[in-house]
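# Coordinate analysis (summary)
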Amino acid sequence: MSLTLTPEQRQTVHPLWLRLTHWLNALAMLIMVTSGWRIYNASPLFNFSFLNELTLGGWLGGALQWHFAGMWLFGVNGLCYLLINLASGRFKRKYWPLSPRQFLADAGAALRGRLQHADLRHYNMVQRVAYLSVMILGVMSALSGLVLWKSVQFPLLRTLLGGYEAARYIHFFAMSALVAFVAIHLVMVALVPRTLLAMLRGR
């Protein structure tokens, strides 16, 4: 078996800054989701609760402290990710243009197990829509979280989100959608292991 890398394989798929922000975001998400489940259990929105073994913090006060720590990591890291994407032009290169017709075609190919991943440097239309949706969900999660954390200090934001109780539902469903994305993301990584290697070593 030849160990010689092709020119495409030698090219960087993910720069160092992207890999760092990716893994920091994964850590922040793990902290915020597991501590958030413990906070949810203290005042549930629906007729169910999360297993305490899957939560972080031990009790409500501890969970809140972990959640605030994860919040700062999630917010600062996410802002750095967005700013570098915009400043470097990567945002436009990777996510634009969008095509509804191509999205449907790529989604159909994905469902049939025929979506190609030959060049990891380029995102297909399903990936573009998914990653853009995650960014929007992250922003919605952060904004609704601000209302839940400092409702009095952000009256306009609270009003725009429909009030404190509405912000609770927005926060919960944004979190749920992010968790669903992570689950699907992990399945795709298992199906295409090269994507994990690229996120670890850059190519």
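Computed from a predicted structure; not experimentally measured.

Charged atoms that come close allow side chains of opposite charge to pair. One pass over the full model with this rule turns up 1 salt bridge. Here Arg168 and Glu165 are joined by a salt bridge, their closest N and O atoms 3.8 Å apart. Placement of the pair is Arg168 and Glu165 together in helix α8 (residues 164-191), with a separation of 3 residues, close to one helical turn.

Further remarks concern the UniProt feature "transmembrane region" (unreviewed entry) in the protein. When the UniProt feature table is mapped to this numbering, "transmembrane region" (unreviewed entry) covers residues 20-40, 60-84, 129-149 and 169-193. The span residues 60-84 is 100% helical and 0% strand by assignment, and the distance between its end C-alpha atoms comes to 36 Å. Secondary structure content for residues 169-193 is 92% helix and 0% strand, and the end C-alpha separation is 35 Å.

This next bit is on the environment of Tyr40. Mapped onto the elements of the fold, Tyr40 is located in helix α2 (residues 16-42). On a C-alpha basis, the gap between Tyr40 and Leu60 in space is 9.2 Å, while along the polypeptide they are 20 residues apart.

Tracing the chain through its elements places Ala26 in helix α2. Exposure remark for Ala26: the relative accessible area of 34% places this residue in the partly exposed category. Remark: the alpha-carbon pair of Ala26 and Val182, spanning 156 residues in sequence, is separated by 9.2 Å.

Turning next to the domain arrangement of the protein. Domains assigned within the protein are domain 1 (14-43 + 57-95) and domain 2 (97-113 + 120-202). Listed by partner, the interface residues are 20 residues for domain 1 and 25 residues for domain 2. Both sides together, the interface formed by domain 1 and domain 2 hides about 2000 Å², and carbon and sulfur atoms give 69% of it. A per-residue breakdown of the area domain 1 buries against domain 2 is headed by His14, Lys94 and Tyr95, which together make up 34% of the total. There are 0 salt bridges connecting domain 1 and domain 2. Mapped onto the side of domain 1 that touches domain 2, the elements with two or more residues apiece are α2, α3 (60-88) and α4 (90-95). Among the residues making up the side of domain 1 that touches domain 2, the classes are represented as 13 nonpolar, 4 polar and 3 charged.

Another point: a nonpolar patch on the surface. A surface patch of nonpolar side chains, amounting to about 360 Å² of accessible area, comprises Trp23, Leu196, Leu197 and Leu200. It is helix α9 (residues 194-201) that provides the largest number of residues to the nonpolar patch, a total of 3 residues. Structurally, the position occupied by Leu197 is in helix α9. Relative accessible area serves as the criterion here: at 39%, Leu197 is assigned to the partly exposed category.

Calculation criteria
Residues numbered from 1 in each chain as written. Predicted model: local features only at pLDDT ≥ 70, side-chain atom pairs only at ≥ 80, totals over all residues. Heavy atoms only, no water. Salt bridge = Lys/Arg side-chain N within 4 Å of Asp/Glu carboxyl O. Helix = DSSP H or I, 4+ residues; strand = E, 2+ residues; numbered from the N terminus. UniProt positions renumbered as here; feature names shortened; annotations may be inferred. Buried < 20%, exposed > 50% of the residue type's maximum accessible area, 1.4 Å probe, protein only. Domains from an automatic or database assignment. Contact = heavy atoms within 4.5 Å. Buried area = accessible area lost by both parts, 1.4 Å probe. Nonpolar A, V, L, I, M, F, W, Y, C, P; charged D, E, K, R; others polar. Patch = residues over 30% accessible without salt bridge, like charges linked within 9 Å, V, L, I, M, F, W, Y side chains within 5 Å. Areas by Shrake-Rupley, 256 points an atom, 1.4 Å probe, with all protein chains shown as cover.

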